[in-house]
Amino acid sequence: MPGSGSRFRVVLASSSPRRRYLMELLGIEFQVDPALGEERVFQGENPGEAAVRLATQKASEVSSRRPEDVVVGADTLVVLDHLVLGKPATAKEAREMLEALSGRTHVVVTGVTVAQASTGRVEQGFERTLVEFDVLCPGVIEAYVATGEPMDKAGAYAIQGRGSVLVKGISGCYFNVVGLPLRRLSQMLAQFGVRVLG
């Protein structure tokens with residue numbers, strides 16, 4: 001496991017406090033060095049491919065300046081009817097997203113890339129989770145938007161926060177919806193000699 005005396009470190013290429021928390025759950029030592037590149041999904045792009053492309057873009061950017069380190073890049077997309085829902089820029093946009101999600105099932109896709117520039121090794125993959133929303137009355141939507149929580153979240157909700165009460169159920173990895181599919185990530189890290197358990 002990387003740490004004191006090891007020749008490389010694990011680096012999270014994200015400033016997301018949610019991803020940092022999830023990495024901490026794995027119990028491995030890591031540093032945070034956020035990628036600064038633009039996140040953009042192209043029209044008609046497959047969500048899984050887009051999420052992996054963006055995760056790879058982040059990992060590659062940080063790997064270029066930290067070639068010996070094992071860099072983890074991730075990108076999470078919320079998809080409803082093939083439309084990617086980004087982070088709302090205004091309270092009005094947040095309300096519109098929540099109204100669209102109300103009573104329906106959408107898909108959360110997180111792409112993950114683990115890369116080490118010095119060896120040229122790259123592991124890529126993505127996870128899909130189905131999320132079913134309860135039927136939301138206007139008062140609930142308004143109250144949730146008023147908390148401010150939706151404003152920096154893809155799809156305008158945080159399943160790990162107050163947004164949890166909006167979710168009727170999920171099918172798949174919960175941690176994927178938060179922003180980092182831990183089982184998949186642990187399997188990818190193992191390919192670089194970083195083992196979570198044994």
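Our subject is the structure listed above.
Residues numbered from 1 in each chain as written. Predicted model: local features only at pLDDT ≥ 70, side-chain atom pairs only at ≥ 80, totals over all residues. Heavy atoms only, no water.

*Asks:* Help me understand helix α4 (residues 138-146) in this model?
*Replies:* One full turn of an α-helix is made of 3.6 residues, so residues set three or four places apart face in the same direction. Ile 141, Tyr 144 and Val 145 are the residues of α4 that are buried. Buried residues in α4, looked at end-on, bunch into an arc of 100°, giving them a common side. Where the residues of α4 are buried, they touch α3 (91-101). Positive phi shows up at Gly 148, right after α4, with a value of about 85°. (Buried < 20%, exposed > 50% of the residue type's maximum accessible area, 1.4 Å probe, protein only. Helix = DSSP H or I, 4+ residues; strand = E, 2+ residues; numbered from the N terminus. Arc of directions from axis to C-beta. Contact = heavy atoms within 4.5 Å.)

*Asks:* What's the story with the packing of aromatic side chains in this structure? I'm lost.
*Replies:* For any pair of aromatic rings, the description consists of the separation of the ring centres together with the inter-plane angle of the planes. Summed over all chains, the structure comprises 2 aromatic pairs. Ring centres of Phe 133 and Tyr 157 lie 4.9 Å apart, and the angle between their planes is 75°; this geometry places the pair in the edge-to-face category. Here the residue Phe 133 occupies a position in strand β6 (residues 121-133), and Tyr 157 occupies one in the loop between α4 and β7 (167-171), the gap between them amounting to 24 residues. Its relative accessible area of 1% is what places Phe 133 among the buried residues. Aromatic side chains Tyr 174 and Phe 175 sit 5.4 Å apart centroid to centroid with 70° between the ring planes, which places their arrangement in the edge-to-face category. Under the relative-accessibility criterion, Tyr 174 is labelled partly exposed at 32%. The exposure class of Phe 175 is partly exposed, given its relative accessible area of 31%. (Phe/Tyr/Trp six-rings, centres within 6.5 Å; stacked < 30°, edge-to-face > 60°.)

*Asks:* Before we go on, may I ask you to explain a nonpolar patch on the surface in this structure?
*Replies:* On the surface, a cluster of nonpolar side chains totalling about 440 Å² of accessible area is made up of Tyr 21, Leu 25, Ile 170, Tyr 174 and Phe 175. Counting residues per element, the ones that place at least two in the nonpolar patch are α1 (17-25) and α5 (174-178). The topology assignment puts Leu 25 in helix α1. The exposure class of Leu 25 is partly exposed, given its relative accessible area of 44%. (Patch = residues over 30% accessible without salt bridge, like charges linked within 9 Å, V, L, I, M, F, W, Y side chains within 5 Å. Areas by Shrake-Rupley, 256 points an atom, 1.4 Å probe, with all protein chains shown as cover. Salt bridge = Lys/Arg side-chain N within 4 Å of Asp/Glu carboxyl O.)

*Asks:* Explanation requested: the pattern of salt bridges in the structure shown.
*Replies:* Where charged atoms from two side chains of opposite charge come close, those side chains can pair. In total, this model carries 15 salt bridges according to the counting rule given. The shortest N-O distance in the salt bridge between Asp 69 and Arg 66 comes to 2.9 Å. As far as the burial class goes, Asp 69 and Arg 66 line up, both buried. Notably, a salt bridge pairs Asp 81 with Arg 104, separated by 2.8 Å at the nearest N-O pair. Highlighted residues: Asp 81 in the loop between β3 (70-80) and β4 (83-85) and Arg 104 in the loop between α3 and β5 (105-116), separated in sequence by 23 residues. Exposure remark for Asp 81: the relative accessible area of 53% places this residue in the exposed category. Given the relative accessible area of 34%, Arg 104 is considered partly exposed. Beyond isolated ion pairs, a larger network of salt bridges with shared partners links Arg 9, Asp 33, Glu 61, Arg 65, Arg 66 and Asp 69.

*Asks:* Got a minute to help me understand helix α6 (residues 182-190) in this structure?
*Replies:* Those residues of α6 that fall on the buried side of the exposure criterion are Leu 182, Leu 185, Met 188, Leu 189 and Ala 190. Here the buried face of α6 lies against α1, β3, β5, β6 and α5.

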